[in-house]
Amino acid sequence: MKSGLLGAVSIAAVTAVAWSASANEQLQTMAEEQPGEWVMPTGNYANWRYSELDQIDKDNVDQLQVAWSMSTGVLRGHEGNPLVIGDTMYFSTPFPNNVFAVDLANDGIIKWKYEPQQDPQVIGVMCCDTVNRGVAYAPETDAYPATIILNQADTTVVALSADTGQVLWEVQNGDPGKGETATMAPQVVKDKVLVGNSGGEYGVLGHMTAYDIATGEVAWRAFSAGPDDMTLLDPENTTHLGEPVGVDSGTATWEGDQWQIGGGTTWGWISYDPELDLVYYGTGNPSTWNPAQRPGDNRWSMTIMARDPDDGMAKWLYQMTPHDEWDYDGVNEMILADLDFEGEERKVVVHPDRNGFAYTLDRETGELLVAEKYDPFVNWATHVEMDPESDQYGRPQVVAEYSTEQGGEDTNTAGICPAALGTKDQQPSAYSPETKLFYIPTNHVCMDYEPFRVSYTAGQPYVGATLSMYPTPESHGGMGNFIAWDAVNGEIVWSIPEQFSVWSGALATAGDVVFYGTLEGYLKAVDMETGEELYRFKTGSGVIGNVMTYEHEGEQYIAVLSGVGGWAGIGLAAGLTDPAAGLGAVGGYASLSDYTNLGGQLTVFKLPEEVASSE
Amino acid sequence: MMLKHAIRGVVLAACTAGFASAQAADPTAVENDAGKYFDAEGYPTFNIAEDGTVDFHTYSGFRRFNSECHVCHGPDGVGSTFAPALVESVQDMSYEDFVAVVAGGRENVGSGNQNVMPAFGTNPNIMCYLDDIYIYLRARGEGDLPRGRPAKKEAKSDVFAEMEDSCMG
């Protein structure tokens, strides 16, 4: 019954989308009221990756079967996920970043395909494979037609007509000659599209840029370091843990001009709270990876940013890892939820960081509420200081043994957990408003890290550390976990050990099922309450894409991109080995190449008709 | 012998001389010049003692490879989903070809491949240690050096330190 209703709602909604004036309001309405569609890369503005569709549920998911599949024609790592708007599915591929519009109402034929012309030299300056995390959609307004926005590898931002694939405008967001590239999925907020950059391993200075959707003109650009007119900080009114940041905080915590090649790139996910009118995103690692070459806190790398989408001004910031010594980028998803703290409902942002701490902050003020390890093996810091009276307030308490700064240049600091991959990387979590839990794909990998002096050459790698990574010693031998997280109490509710890092984004549904993919290529469905596995299917290649769902003609579908690669494809495809760890030949040592192969494929699942119709 | 330390000179020579024949030389070190070893044909090579102590250049190559190169070519040169395993391919490559490809880059882009090796000729973090990276990969490729960090190494020589200082600037 419920699925029939949803079908009726989404058909009505599709016919009614043309009259709202603001892309923001309309997009928000679509995300909230049309669960049959998937209208933004993150599912909704709050980054929930949750669907109210419930035709596929925990009792019938074991009967899921492949409905259709499609090759993308590209063999590199496939991160991101498709969008579904009305009868059309849109997705982008890794370099060369082809965009497909697939007609779901007409046997999946390709309505249009956009093939950008890019200089292949950009491939060589992408640190961690040529991934692209998806396109954004802006509904039609008086000022522009329905638009698909692509953030190409070479930093060209392209607006395409959603109907025809014709180019509406193109702008250059950065300089690939300096190693500046793009991988992140843009986000449409109001009449703007927000676009970040990549290239922290090339000394690229991070920035978030808002473009006018109608024209492609820059509305504002906020750098991650520099003087206040570059960072768009107000010395009096922008706060860090409740205190004004002061004048030029984006240069005062650096030595000399190092901030100009200081990293803090913005390649993760963007969320938006329409009521508070704030966008949230994180910044990446400071450059170089050799901490001795950049004394100071290196603000505002490794930072959660809350900005006004109209002018880019920051309301509050929180730097999670001051003076990074481990490459713990702060770009992971910022999930917005309203959670109950001892009877008081608080508007929070929840962020499982690369550094192994999951943070819960008041998203209006930036007050730090919770910072707890979401992998018990995290060892580089004992805890985050939570006492506002302490001069260490909000700072991780670094363990000397695992400090690569204290170890010093040319010294190998061993046994640091997590590895530079982080307890998780960009692979996005899901949140269920029913269980109030966060479903987090994680890495379970540790490392040795030896920093050394490097010199900067524009457009060349600027790393400055030797790393080796291996499965977490004295654990289950695997390199990943998939966990359910309680962000109020800072506790793991359940945890599923995985042989390889879980590098796929999760999906939670009203059918009480959570989906995720694995590097071996499985799509897995687990019980939302218990984590019990309910279904698995091995797709054509390892999954580093994000699982999504949509409804078409009354039936619910689950879709995921396969295509092993990304950073996971660098270390893990070869198998991580640590001869010193003495773990023996357990699963973690097996090479991923024994399990899967390159391939770019979309796989779409549904229930058999007789099962679906009985719901 | 000073020429063997002048890496930029070698690069220039390799680029102008074109590609030499593939290497199948015996990697055995026959000459030790201030801690840097050479095979019978005068090419840089590794020297690993019976107790596993590696020469400093092999160790330096390990460090540089697993910083600059491993992001594409995988840890310890075992390859990734998008770049070849150099422990294998370096076996089929002459020293001159190796130097030319690292300095000048290589592009293999077609319908099935999107592989691009950038040109590192202007990058001192790589070019100053190019022989070390070559020596390290040769040791890995010959099977004499296992994966991971070499446990023991010879001391850094004064010649190495001087070369490093002058090259890195």
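Residues numbered from 1 in each chain as written. Chains lettered and ligands numbered in written order. Predicted model: local features only at pLDDT ≥ 70, side-chain atom pairs only at ≥ 80, totals over all residues. Heavy atoms only, no water.

What follows concerns a negative patch on the surface. A cluster of acidic residues, D340(A), E342(A), E344(A) and E345(A), forms a negative patch at the surface. With respect to the element layout, E345(A) can be found in strand 22 (residues 344-352). (Patch = residues over 30% accessible without salt bridge, like charges linked within 9 Å, V, L, I, M, F, W, Y side chains within 5 Å. Areas by Shrake-Rupley, 256 points an atom, 1.4 Å probe, with all protein chains shown as cover. Salt bridge = Lys/Arg side-chain N within 4 Å of Asp/Glu carboxyl O. Lys, Arg positive; Asp, Glu negative; His and termini not counted. Charge placed at Lys NZ, Arg CZ, Asp CG, Glu CD. Helix = DSSP H or I, 4+ residues; strand = E, 2+ residues; numbered from the N terminus.)

With that settled, consider the nonpolar core. All names here are of chain A. If you look at the biggest cluster of nonpolar residues, it comprises 83 residues, and the most contacted ones within it are L64, M89, Y90, Y137, F515, Y550 and I558. In contact with L64, other than residues within four places in its own chain, are I56, F515, Y535, I558, F605, K606 and L607. In terms of nonpolar packing, the next biggest core, distinct from the first, is built from 54 residues, C128, Y280, W289 and W316 among them. (Core = buried A, V, L, I, M, F, W, Y, C linked by side-chain atoms within 4.5 Å. Buried < 20%, exposed > 50% of the residue type's maximum accessible area, 1.4 Å probe, protein only. Contact = heavy atoms within 4.5 Å.)

We now examine the state of the cysteines. Within the structure shown, the criterion is met by three disulfides over all chains. Put simply, C127(A) and C128(A) are joined by a disulfide, and their sulfur atoms are 2.1 Å apart. Disulfide C127(A) to C128(A): torsion about the S-S bond roughly -90°, handedness left-handed. On the basis of relative accessibility, which here comes to 18%, the residue C128(A) falls in the buried class. Covalent S-S linkage joins C128(B) and C167(B), the inter-sulfur distance amounting to 2.0 Å. The S-S bond linking C128(B) to C167(B) shows a torsion near -90°; that makes this disulfide left-handed. (Disulfide = S-S within 2.5 Å.)

So, about the UniProt feature "domain: Cytochrome c" (unreviewed entry) in chain B. The positions that UniProt labels "domain: Cytochrome c" (unreviewed entry) are, in the present scheme, residues 47-141 of chain B. Along residues 47-141 of chain B the backbone is 51% helical and 8% strand, and the end-to-end C-alpha distance reaches 14 Å. (UniProt positions renumbered as here; feature names shortened; annotations may be inferred.)

Next up on the list: unusual backbone geometry. All names here are of chain A. A cis amide bond, omega 15°, links F95 with the succeeding residue P96. As for its position among the elements, P96 is in the loop between strand 4 (88-92) and strand 5 (99-103). Here the bond from C417 into P418 is cis, since omega is 0°, no more than 30 degrees from zero. Of note in this structure, R49 is not a glycine but carries a positive phi near 50°. Note that R49 resides in the loop between helix 2 (23-33) and strand 1 (50-51). Taking the relative accessible area as the measure of exposure, R49 reaches 1% and is therefore buried. Of note in this structure, L241 is not a glycine but carries a positive phi near 50°.

What follows deals with the interface of chain B and chain A. Facing 33 residues of chain B, the contacting portion of chain A comprises 41 residues. Ranking the residues of chain B by area buried against chain A places T81(B), F82(B) and Q114(B) at the top, with a combined share of 21%. The tally of links from chain B across to chain A stands at three salt bridges. A salt bridge links E450(A) to R63(B); its shortest N-O distance comes to 2.5 Å. The interface formed by chain B and chain A holds 13 residue pairs in polar contact (both at pLDDT 80 or more) in total. Of all the secondary-structure elements, those providing two or more residues to the side of chain B that touches chain A are helix 3 (56-73), strand 4 (106-109), strand 5 (114-117) and helix 6 (124-127) of chain B. In terms of residues, the side of chain B that touches chain A owes the most to one element, helix 3 of chain B, which gives nine residues. A per-class count over the side of chain B that touches chain A returns 13 nonpolar, 14 polar and six charged. (Buried area = accessible area lost by both parts, 1.4 Å probe. Polar contact = N/O pair within 3.5 Å; in protein donor to acceptor, adjacent residues only side chain to side chain. Nonpolar A, V, L, I, M, F, W, Y, C, P; charged D, E, K, R; others polar.)

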